Every structure is written in C-alpha cells, then in structure tokens.
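Chain residues, written in single-letter form:
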Amino acid sequence: QVQAVESGGGLVQEGGSLRLSCTVSGLVFGDVNIGWFRQAPGKEREGVACIDWGGSIDTYADFVEGRFAISRDNANKTVYLQMNNLKSEDTAMYYCIPVAFIGTRGLRVPESNAWGQGTQVTVSL
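What counts and what doesn't
Residues numbered from 1 in each chain as written. Predicted model: local features only at pLDDT ≥ 70, side-chain atom pairs only at ≥ 80, totals over all residues. Heavy atoms only, no water. Pairing = 2+ DSSP bridges. Helix = DSSP H or I, 4+ residues; strand = E, 2+ residues; numbered from the N terminus. Axes fitted to C-alpha atoms, helices over the stretch in contact; angles between N-to-C directions. Salt bridge = Lys/Arg side-chain N within 4 Å of Asp/Glu carboxyl O. Buried < 20%, exposed > 50% of the residue type's maximum accessible area, 1.4 Å probe, protein only. Core = buried A, V, L, I, M, F, W, Y, C linked by side-chain atoms within 4.5 Å. Disulfide = S-S within 2.5 Å.

Draft legend 1. The sheet that holds strand S6 (residues 58-60), seen in detail. Across the sheet, six strands lie side by side as S2-S10-S9-S4-S5-S6; this open sheet has mixed pairing. Strands with a single pairing partner mark the edges of an open sheet, and in this sheet they are strand S2 (10-13) and S6. Direction aside, neighbouring strands of the sheet carry axes that sit 25 degrees apart on average. As defined by bridge partners, S2 adjoins strand S10 (residues 119-124) across four bridges and the pair is classed as parallel. Looking at S10, one finds that Gln13 is bridged to Ser124.

Next comes the structure, spelled out in structure tokens:
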C-alpha cells in the first residue's frame, strides 16, 4: 500500500523559511515523480511543485515566484520542499504524493488513495 508521510511544517513569521520533507512507502521511491500540494482552509487543493524521478526536472506553480525549491534524495527516499520568503498566503496544509506526470501536468491534483496527513504551515504577519 502506497503511503505518503510529510513533516517539517510549523509556525513562522512572514519572510521566514521552512523545509518540508516527504517519504513515500509501498513503492520503488526512485522510480516515481513526486509532487507537493497544499490546501488552505476553505480552498481547493492546489499543486505547488513537482520533481521527476531522477531529480533533474522540477516545476513550480506561478505563485511560488522563485521562493521555493524542490529536491530529492533517492538514497534516503526523501523529497524536500525548501520554502523561503514565506508569505501569509502560504498558510496551508502541505501534502506530497507520487504523480504520473512532470511539468505543469504534474501540478494537477491527482486522484489517489495515498494522501497522507499532511504537515501544517502557518505564516504569521
């Protein structure tokens, strides 16, 4: 059974940084593309960033504006999302999950049973 686990969220002030981590079990981690998604209260889940299986192709949502960086360490079966210059509008629950595509298609929210609990990111003014 594929299962994602996210960690690293927290409370930070605007302009601060956080690094989120993601592990996915139940599959060959190095064979899959991984996406980060987020969902704010009252809003739909949206794609944030995705990375291909080899770690060489990354894609970001427009709202990231160069502030975030996705990376992966296949030896340790972990994908990271480094978030810098955080804004209050980045407040959301953040999730990772395998995605079938890379590029902008990889930012589409997939149908999946592998969604984890997420990790909460709260950015205060």
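Draft legend 2. Fine view of the pattern of salt bridges. Counting across every chain of the model gives four salt bridges. Here Glu46 makes a salt bridge to Arg38, at a shortest N to O gap of 2.8 Å. We classify Glu46 as partly exposed; its relative accessible area is 31%. Its salt-bridge partner being Arg67, residue Asp90 comes within 2.6 Å of it at the nearest N-O pair. One end of the pair, Asp90, is in the loop between strand S8 (78-83) and strand S9 (92-99); the other, Arg67, is in the loop between S6 and strand S7 (68-73), with 23 residues separating them in the sequence. When salt bridges with common partners are traced through the structure, they connect Arg38, Glu46, Arg67 and Asp90 into a single cluster.

Draft legend 3. Main features of the nonpolar core. Core analysis: the largest hydrophobic core is formed by 35 residues, its most contacted members being Ile34, Trp36, Val48, Val79, Leu81, Met83 and Tyr94. At the level of elements, strand S3 (18-25), strand S4 (33-39), strand S5 (46-51), S7, S8, S9 and S10 are the ones that each hand at least two residues to this core. Broken down by element, the residue count for this core peaks at six residues, all from S9.

Draft legend 4. Structural view of the state of the cysteines. The final tally for this structure, using the stated rule, is one disulfide. Disulfide pairing is shown between Cys22 and Cys96; the S-S distance is 2.0 Å. Around the S-S axis, the bridge from Cys22 to Cys96 shows a dihedral of about 85 degrees and counts as right-handed. A residue pair is termed long-range when its members are at least 10 positions apart, and Cys22 in strand S3 and Cys96 in strand S9 qualify at 74 residues. For Cys22, a relative accessible area of 0% gives the class buried. Owing to a relative accessible area of 0%, Cys96 belongs among the buried residues under this scheme. Free of any disulfide, Cys50 has its nearest cysteine sulfur in Cys22, 13 Å distant. Overall, Cys50 belongs to the buried group, its relative accessible area being 0%.

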